[in-house]
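What follows is the residue order along each chain.
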Amino acid sequence: SSLYQELGEKEGIDDLMAAFVLEIAKDERVIEHFENADIDRFHRMISLHVCELVGGPCTYDGANMIEVHTGMGITRTEFNAIVENLISAMEQQEVPVSAQNQLLDILADFHGEIVGR
Ligand code: HEM
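What comes next is a walk through the structure. (Residues numbered from 1 in each chain as written. Predicted model: local features only at pLDDT ≥ 70, side-chain atom pairs only at ≥ 80, totals over all residues. Heavy atoms only, no water.)

**A closer look at the coordination of the iron atom of the ligand**
Within the protein, a single donor atom binds the iron atom of the ligand, namely His69 (NE2) at 2.0 Å. The topology assignment puts His69 in helix H4 (residues 65–69). (Donors = N, O, S within 2.8 Å, 3.2 Å for Na, K, Ca; no water. Helix = DSSP H or I, 4+ residues; strand = E, 2+ residues; numbered from the N terminus.)

**Things to note about the state of the cysteines**
Summed over all chains, the structure comprises one disulfide. Disulfide pairing places Cys51 opposite Cys58 at an S-S distance of 1.9 Å. Judged by the sign of its S-S torsion, about 70 degrees, the bond between Cys51 and Cys58 is right-handed. Assigned by exposure class, Cys51 and Cys58 land together as buried. (Disulfide = S-S within 2.5 Å. Buried < 20%, exposed > 50% of the residue type's maximum accessible area, 1.4 Å probe, protein only.)

**Overview of the site of the ligand**
Near the ligand, the surroundings consist of 21 residues, among which His33, Arg41, Ala63, His69 and Ile114 are the closest. With respect to the ligand, the side chain of Arg41 contributes an N or O atom lying 2.6 Å from an oxygen atom. In this structure, Ala63 approaches the ligand through a main-chain N or O atom, which is 2.7 Å from an oxygen atom. Applying the majority rule of atoms within 2 Å of the grid points places the ligand in the largest pocket. (Near = heavy atom within 4 Å. Polar contact = N/O pair within 3.5 Å; in protein donor to acceptor, adjacent residues only side chain to side chain. 1 Å grid on protein atoms, 1.4 Å probe; cavity = no way out; pocket = protein on both sides within 12 Å on 5 of 7 lines; lining within 4 Å. Sits in = over half its atoms within 2 Å of the grid points.)

Written out as C-alpha coordinates, the structure is:
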(Lines give C-alpha, C1' and ligand atoms only; values in the text may rest on other atoms or scores of the structure.)
Protein backbone atom coordinates (compact mmCIF):
# COMPACT_ATOMS: atom_id res chain seq x y z
CA SER A 1 0.00 0.00 0.00
CA SER A 2 1.09 3.59 -0.55
CA LEU A 3 2.48 5.88 2.10
CA TYR A 4 -0.72 7.91 1.82
CA GLN A 5 -2.74 4.82 2.74
CA GLU A 6 -0.36 3.83 5.54
CA LEU A 7 -0.86 7.26 7.12
CA GLY A 8 -4.62 6.71 7.14
CA GLU A 9 -5.38 8.88 4.13
CA LYS A 10 -6.52 12.49 4.60
CA GLU A 11 -8.25 11.88 7.92
CA GLY A 12 -5.23 10.08 9.37
CA ILE A 13 -2.94 12.87 8.19
CA ASP A 14 -5.21 15.54 9.71
CA ASP A 15 -5.15 13.68 13.05
CA LEU A 16 -1.40 13.16 12.86
CA MET A 17 -0.81 16.85 12.18
CA ALA A 18 -3.14 17.83 15.05
CA ALA A 19 -0.98 15.71 17.37
CA PHE A 20 2.12 17.34 15.84
CA VAL A 21 0.74 20.83 16.54
CA LEU A 22 0.10 19.84 20.19
CA GLU A 23 3.69 18.59 20.50
CA ILE A 24 5.01 21.87 19.05
CA ALA A 25 2.83 23.85 21.47
CA LYS A 26 4.49 22.26 24.49
CA ASP A 27 8.03 22.48 23.15
CA GLU A 28 9.91 25.39 24.69
CA ARG A 29 12.68 24.99 22.10
CA VAL A 30 10.45 26.14 19.21
CA ILE A 31 7.23 27.66 20.57
CA GLU A 32 8.49 31.24 20.31
CA HIS A 33 8.44 30.94 16.52
CA PHE A 34 4.73 30.15 16.59
CA GLU A 35 3.61 32.94 18.93
CA ASN A 36 2.12 35.00 16.10
CA ALA A 37 1.18 32.12 13.84
CA ASP A 38 -2.36 31.28 12.77
CA ILE A 39 -2.42 27.76 14.21
CA ASP A 40 -5.62 26.66 12.48
CA ARG A 41 -4.18 27.70 9.15
CA PHE A 42 -0.83 26.05 9.97
CA HIS A 43 -2.63 22.80 10.79
CA ARG A 44 -4.72 22.97 7.61
CA MET A 45 -1.75 23.85 5.39
CA ILE A 46 0.74 21.36 6.79
CA SER A 47 -1.89 18.61 6.47
CA LEU A 48 -2.52 19.56 2.86
CA HIS A 49 1.18 19.74 2.10
CA VAL A 50 1.94 16.36 3.68
CA CYS A 51 -1.07 14.83 1.90
CA GLU A 52 0.31 15.99 -1.45
CA LEU A 53 3.91 14.99 -0.64
CA VAL A 54 2.96 11.41 0.24
CA GLY A 55 1.03 10.93 -2.97
CA GLY A 56 -2.47 11.73 -1.78
CA PRO A 57 -5.13 13.46 -3.88
CA CYS A 58 -4.45 16.90 -2.41
CA THR A 59 -3.12 20.10 -3.90
CA TYR A 60 -1.08 22.27 -1.55
CA ASP A 61 -1.99 25.89 -2.22
CA GLY A 62 -0.27 27.53 0.74
CA ALA A 63 2.80 29.69 0.93
CA ASN A 64 6.09 28.77 -0.70
CA MET A 65 8.35 27.04 1.88
CA ILE A 66 11.27 29.42 1.43
CA GLU A 67 9.09 32.55 1.58
CA VAL A 68 7.07 31.55 4.65
CA HIS A 69 10.14 30.61 6.71
CA THR A 70 12.36 33.51 5.63
CA GLY A 71 13.04 35.91 8.49
CA MET A 72 12.42 33.25 11.15
CA GLY A 73 16.11 32.40 11.50
CA ILE A 74 15.30 28.77 12.13
CA THR A 75 18.38 26.84 13.29
CA ARG A 76 19.33 23.27 12.55
CA THR A 77 18.69 22.47 16.22
CA GLU A 78 15.16 23.88 15.95
CA PHE A 79 14.56 21.96 12.75
CA ASN A 80 15.65 18.78 14.54
CA ALA A 81 13.33 19.63 17.45
CA ILE A 82 10.41 19.84 15.01
CA VAL A 83 11.40 16.45 13.59
CA GLU A 84 11.31 15.04 17.14
CA ASN A 85 7.83 16.54 17.62
CA LEU A 86 6.70 14.78 14.47
CA ILE A 87 8.18 11.46 15.64
CA SER A 88 6.32 11.81 18.97
CA ALA A 89 3.10 12.50 17.08
CA MET A 90 3.66 9.48 14.82
CA GLU A 91 4.31 7.26 17.84
CA GLN A 92 1.08 8.46 19.48
CA GLN A 93 -0.86 7.78 16.29
CA GLU A 94 0.81 4.35 15.98
CA VAL A 95 2.15 5.02 12.51
CA PRO A 96 4.20 1.98 11.39
CA VAL A 97 7.95 2.59 11.64
CA SER A 98 8.52 2.08 7.90
CA ALA A 99 5.93 4.76 7.14
CA GLN A 100 7.51 7.02 9.79
CA ASN A 101 10.88 6.71 8.10
CA GLN A 102 9.47 7.41 4.65
CA LEU A 103 7.74 10.58 5.85
CA LEU A 104 10.86 11.77 7.71
CA ASP A 105 12.88 11.20 4.55
CA ILE A 106 10.52 13.34 2.48
CA LEU A 107 10.47 16.16 5.03
CA ALA A 108 14.25 16.11 5.53
CA ASP A 109 14.55 17.35 1.95
CA PHE A 110 13.00 20.69 3.05
CA HIS A 111 15.89 21.37 5.38
CA GLY A 112 17.63 23.64 2.86
CA GLU A 113 14.47 25.68 2.26
CA ILE A 114 13.79 26.26 5.95
CA VAL A 115 17.00 26.39 8.01
CA GLY A 116 19.09 29.56 8.20
CA ARG A 117 16.71 31.93 6.41
C1 HEM B 1 9.98 19.84 7.27
C2 HEM B 1 9.84 20.93 7.96
C3 HEM B 1 8.74 21.95 7.77
C4 HEM B 1 7.68 21.96 6.91
C5 HEM B 1 7.29 20.92 5.85
C6 HEM B 1 6.94 23.17 7.18
C7 HEM B 1 5.78 23.55 6.53
C8 HEM B 1 5.04 24.66 6.79
C9 HEM B 1 3.78 24.99 6.16
C10 HEM B 1 3.05 24.15 5.12
C11 HEM B 1 3.35 26.17 6.66
C12 HEM B 1 2.06 26.92 6.33
C13 HEM B 1 2.25 27.89 5.18
C14 HEM B 1 1.02 28.74 4.97
O15 HEM B 1 0.39 29.18 5.94
O16 HEM B 1 0.65 28.98 3.78
C17 HEM B 1 4.35 26.58 7.63
C18 HEM B 1 4.26 27.71 8.41
C19 HEM B 1 5.07 27.96 9.48
N20 HEM B 1 6.22 27.29 9.82
FE21 HEM B 1 6.94 25.63 8.93
N22 HEM B 1 7.55 23.87 8.17
C23 HEM B 1 8.65 23.15 8.56
C24 HEM B 1 9.55 23.47 9.55
C25 HEM B 1 9.40 24.52 10.41
C26 HEM B 1 10.25 24.79 11.55
C27 HEM B 1 11.48 23.95 11.93
C28 HEM B 1 9.74 25.90 12.16
C29 HEM B 1 10.20 26.62 13.41
C30 HEM B 1 10.91 26.09 14.36
C31 HEM B 1 8.60 26.34 11.38
C32 HEM B 1 7.82 27.44 11.66
C33 HEM B 1 6.71 27.83 10.98
C34 HEM B 1 5.83 28.91 11.41
C35 HEM B 1 6.00 29.77 12.65
C36 HEM B 1 4.80 29.00 10.47
C37 HEM B 1 3.59 29.93 10.51
C38 HEM B 1 3.83 31.22 9.78
C39 HEM B 1 2.65 32.15 9.95
O40 HEM B 1 1.51 31.72 10.15
O41 HEM B 1 2.87 33.36 9.88
N42 HEM B 1 8.42 25.49 10.34
N43 HEM B 1 5.36 25.65 7.68
